Amino acid sequence: MNARAPVEFFGQPVTAIHGVGVGGMGLAPLAIYLAGLGCRVTGEDDALSDEMGTQLRHAGVRVTALPEDCDLVVLSSAIHDEHPTVGLARDRKIKLVRRGEMLAEVARDRKLVAVCGSHGKTTTTAMLVTVLQQAGFEAGYILGGLFASGNLAPARVGSNEWLVAEVDESDGTITHFAPEITLAVNLDWDHVDHYKKSEEILATFADLFARTRGSVLCHASASLGSNSPRGDNPPKSTAIHTFGNEGDFVGRSKETGSAGMTLWLGGRFACETVRVKAWGEFNAANATGALAAAQLMGVKFGEAALADFSGVRRRQAVLAEFDGVTVLEDYAHHPTEIKALLSAMRGRMTVGERLLVVFQPHRFSRTAQFLADFASALAVADRVLLLNVYGAGEKESAGGTTADLLLACQKLDLGPKVGHCSDDATLGQSLDQEVRPGDWVAFVGAGNIEHKARAWLARQRREVWDKFFELIKPQLSAETKLSREEALAGKTTMRVGGAARLYAEPANLVDLQLLVRTAHRQHMPVYPLGRGSNLIVADAGVDGLVVALAHPQWATFEPRAEGRVWVGAGLRLKNLCGLAAKAGLVGFEFLEGIPGNVGGALRMNAGAMGGWMFDVVEEVQLLTLTGEIVTRKKSEMQVEYRHCADLDHAIALGALLRPAAAADMDSVNRQIDVYRRKRQESQPREPSAGCIFKNPPGNSAGRLIDEAGLKGERVGDAEVSTTHANFIVNRGHATGAEVLALIQRVRERVHQTNGVMLEPEAQLFGRDWKDIL
């Protein structure tokens, strides 16, 4: 293990840091940031999500028990003194700090933009980070969540003096911060377990404003009472600004469409309009605050500053759309943000559509304090299903239970439209009975409601797959294979990934058309699978019908007139080369050694040794996803480097090929042997997906990766090949998540080193690369 230079924290040199509760949205991004500073970071968590686990692995944070050589232990706000690792650290005399204290320490020598408020912090921070990234302003940042698209890590060290971070008021550690800019999205009373009176949290915000060295941005509707940011005695060194529908920085939603809204900017803004990929008045306010902070930081931005804002996971996130039903989830857990969320959803709905809300209250203390406010907020919905309170470490207390909230709803005459689901089975039954086409179903809360939402959706999807299987299986010939949850890892050369929800190996054209047409009628995605040689399957598998032309019916090789040959899409490229050599046909030798079939080679316009698949193609027969058979000349097709657009939404059935020339079998075989030796000398023998990245114009992806010092780089059992840097190999037991994390790391490192953003050549099977990169 390479020695690392220590970083000074709390007056002592620190090399190794361990996080307890490292999978949480508060501590995980901080751990990623600390790893970016050069610290060796480990951590532990009893409930680590796949998404956050991937982010941690990508950053080099190892999930393990407390190591022997640890200098500092950081505790998430959910960790209590009774935790075993806390006791172990004390026995070893290792310094213990809370997450907020650690964040304040890393921010001490930087210009901190502290985003605070009882709710809305994460979305506003993410918006500000997006504006900065779009403007090329390389500030560091620490988000309190995950970007929805995954194209940005939740934390980055940055290269200038600025750091953007959420500052949490919930546990009192907010007192450690002295920001350059404070952005307060609201000043609502919350965290009643810590702040017994509203005046206490207002005083905490007022103290933070007083410690702010540069500017305070506060929503125009917020008030600190006698300590108002516009009060009689604001800090002399601090400039006080307001933002919102009125104030110093004005932002108003001008028009809304399917791609988001246009924000009209006034007051002190230097820009007049900004497109925002989000909806709702509360997001208009969040965007206005983020843009105001960016301007105070000296950033120049234009109309497209937030046009590519991906959103934040668990914030107005659409989980599924099926049978006219839209299912969303949101982290809202304060009555003010719940009312704003539901009102925004109402604004997007049309006449006749219903809003059904599944709400999980978060903490007994909060529920007890805001019973009437919660009931009022939920009144916006047409139907409400209440779940048991998620305690988040609190013990159940009188007045703060779901039964108490149900009673509060009844006092507002909401009784008929509000129900209580005391367990998951009751929730599932209620949703099955009540959800109908045209409904919007919102799972709302900050506890574990996301798992309940996904469990219900998974069951809905299982029923869809099962019905498809039961409908079509009896109609297929006995030779055709159709299965549920077919493992795909063994059908790929990378040997990673999950299962296909439905998998078929049609034995004839009639069965293939039946499968495709039925899937089309039921809006089910279809994914053709060749030999699996240039693709990666995610661990979650593929939600759709995977079709493999693996039956011998599809592996035909038929000589035609004038030296042409007809080949089926299922014919292996190795066999094509051998059969062509026997026939004395020249021009196919470059395909030797590519572990694919004709269909995959056509789809990817496979190439090697200076040759390309479409160099030898005259025409292609394909099946559209509506079941229509089409024959297209090469001149009619859209073919480019590593891609044939005509096969993006079609299945290749076969192709008519024209060889370059005729020759004797021995001379063809000699050329094949030359290519085979060259391939064996230059490419790894371990399981791989072939070249991962496309070569940039005038450059080599492998050379760029090598120059970035990434040969031998590993995430788990996924490794950048030491033989050829543009290959990622499976060293034994790699997972899809490890391969994807390594791809992200390589892409980012090459961009940092050479300024080139590599684009994937390998397919992400059943998904879109933009969701990962």
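Residues numbered from 1 in each chain as written. Predicted model: local features only at pLDDT ≥ 70, side-chain atom pairs only at ≥ 80, totals over all residues. Heavy atoms only, no water.

A. Local environment of the side chain of Thr480. The residue Thr480 is located in the loop between helix H13 (449-472) and strand E24 (481-487) in this model. Exposure remark for Thr480: the relative accessible area of 4% places this residue in the buried category. Sequence-distant contacts of Thr480, that is, excluding residues within four places in its chain, are made with Lys473, Glu505, Pro506, Ala507 and Asp511. (Helix = DSSP H or I, 4+ residues; strand = E, 2+ residues; numbered from the N terminus. Buried < 20%, exposed > 50% of the residue type's maximum accessible area, 1.4 Å probe, protein only. Contact = heavy atoms within 4.5 Å.)

B. Geometry of unusual backbone geometry. Of note, Lys93 is a non-glycine position whose phi angle comes to about 60°, a positive value. Examined against the element boundaries, Lys93 turns out to sit in the loop between helix H3 (84-91) and strand E7 (95-98). The class of Lys93 is exposed, set by a relative accessible area of 76%. Despite not being glycine, Gln316 has its phi angle at roughly 50°, a positive value. Looking at the secondary structure, you find Gln316 in the loop between helix H7 (281-296) and strand E18 (317-322). A residue is classified by how much of its surface remains accessible, and Gln316, at 17% relative accessible area, is buried.

C. Up close: the packing of helix H1 (residues 27-36) against helix H2 (residues 50-59). In the contact formed by H1 and H2, the axes pass within 9 Å of each other and the chain directions differ by 10°. With respect to H2, the axis of H1 lies roughly parallel. Along its contact with H1, which presents Ala28, Pro29, Ala31, Ile32 and Ala35, the element H2 presents Met52, Gln55, Leu56 and Ala59. Taken together, the residues of the contact of H1 with H2 break down into 8 nonpolar, 1 polar and no charged. (Axes fitted to C-alpha atoms, helices over the stretch in contact; angles between N-to-C directions. Parallel < 35°, antiparallel > 145°, perpendicular 65-115°, else oblique. Nonpolar A, V, L, I, M, F, W, Y, C, P; charged D, E, K, R; others polar.)

D. Region of the structure containing the packing of aromatic side chains. The final tally for this structure, using the stated rule, is 7 aromatic pairs. An angle of 90° between the planes, with centres 6.4 Å apart, marks the rings of Tyr141 and Phe147 as edge-to-face. Between Trp189 and Phe370 the ring centres are 5.8 Å apart and the planes differ by 80°, which places this aromatic pair in the edge-to-face class. Of the two residues, Trp189 sits in the loop between strand E12 (181-184) and helix H6 (198-211) while Phe370 sits in the loop between helix H9 (364-369) and helix H10 (371-378), which places them 181 residues apart along the sequence. For the pair Trp189 and Phe370, one class covers both residues: buried. (Phe/Tyr/Trp six-rings, centres within 6.5 Å; stacked < 30°, edge-to-face > 60°.)

E. View of the nonpolar core. Ranked by size, the top nonpolar core spans 81 residues in total, and within it Met102, Val106, Ile142, Leu187, Ile338, Val357 and Phe359 carry the most contacts. The element best represented in this core is H1, accounting for 8 residues. Setting aside residues no more than four positions away along its own chain, Ile142 makes contact with Pro29, Leu30, Tyr33, Leu103, Val106, Thr125, Pro154, Ala155, Leu163, Val164, Ala165 and Glu166. Among the nonpolar cores identified, the runner-up in size contains 52 residues, and Leu482, Met613, Leu622 and Ala655 belong to it. (Core = buried A, V, L, I, M, F, W, Y, C linked by side-chain atoms within 4.5 Å.)

F. Examining the packing of helix H5 (residues 121-134) against H7 more closely. Put simply, H5 and H7 touch, their axes get as near as 8 Å, and they point 45° apart. The angle between H5 and H7 falls in the class oblique. In the crossing of H5 with H7, the sense of the turn from one axis to the other is right-handed. The residues of H7 that touch H5, namely those facing Thr123, Thr124, Met127, Leu128, Val131 and Leu132, are Asn283, Asn286, Ala287, Ala290, Leu291, Ala293 and Ala294. A breakdown of the residues in the contact of H5 with H7 according to their chemical character gives 9 nonpolar, 4 polar and no charged. (Left-handed = near helix turned anticlockwise from the far one by under 90°.)

G. Focus on the sheet that holds strand E41 (residues 714-715). Judged by pairing direction, the sheet is antiparallel, and its 4 strands sit side by side in the order E40-E43-E42-E41 without closing on themselves. Since the sheet does not close on itself, it has two edges, and those belong to strand E40 (688-691) and E41, each with one partner. Across 2 bridges, the pairing between E41 and strand E42 (residues 718-720) is antiparallel. If you follow Val715 over to E42, its bridge partner there is Ala718. (Pairing = 2+ DSSP bridges.)

H. Structural view of the state of the cysteines. Across all of its chains, the model carries 0 disulfides by this definition. Unpaired in this structure, Cys577 has its nearest cysteine sulfur neighbour in Cys691, at a distance of 17 Å. With no disulfide of its own, Cys644 lies 20 Å from the sulfur of Cys691, the closest cysteine sulfur. (Disulfide = S-S within 2.5 Å.)

I. Geometry of the sheet that holds strand E21 (residues 383-387). Pairing in this open sheet of 6 strands is mixed, and the strands run E18-E19-E23-E20-E21-E22 from one edge to the other. The open sheet is flanked by E18 and strand E22 (418-421), the only strands paired with a single partner. Taking the axes of each pair of neighbouring strands and ignoring which way they run, one obtains an average angle of 20° across the sheet. As paired strands, E18 and strand E19 (residues 325-330) are joined by 5 bridges and run antiparallel to one another. If you follow Ala317 over to E19, its bridge partner there is Glu329.

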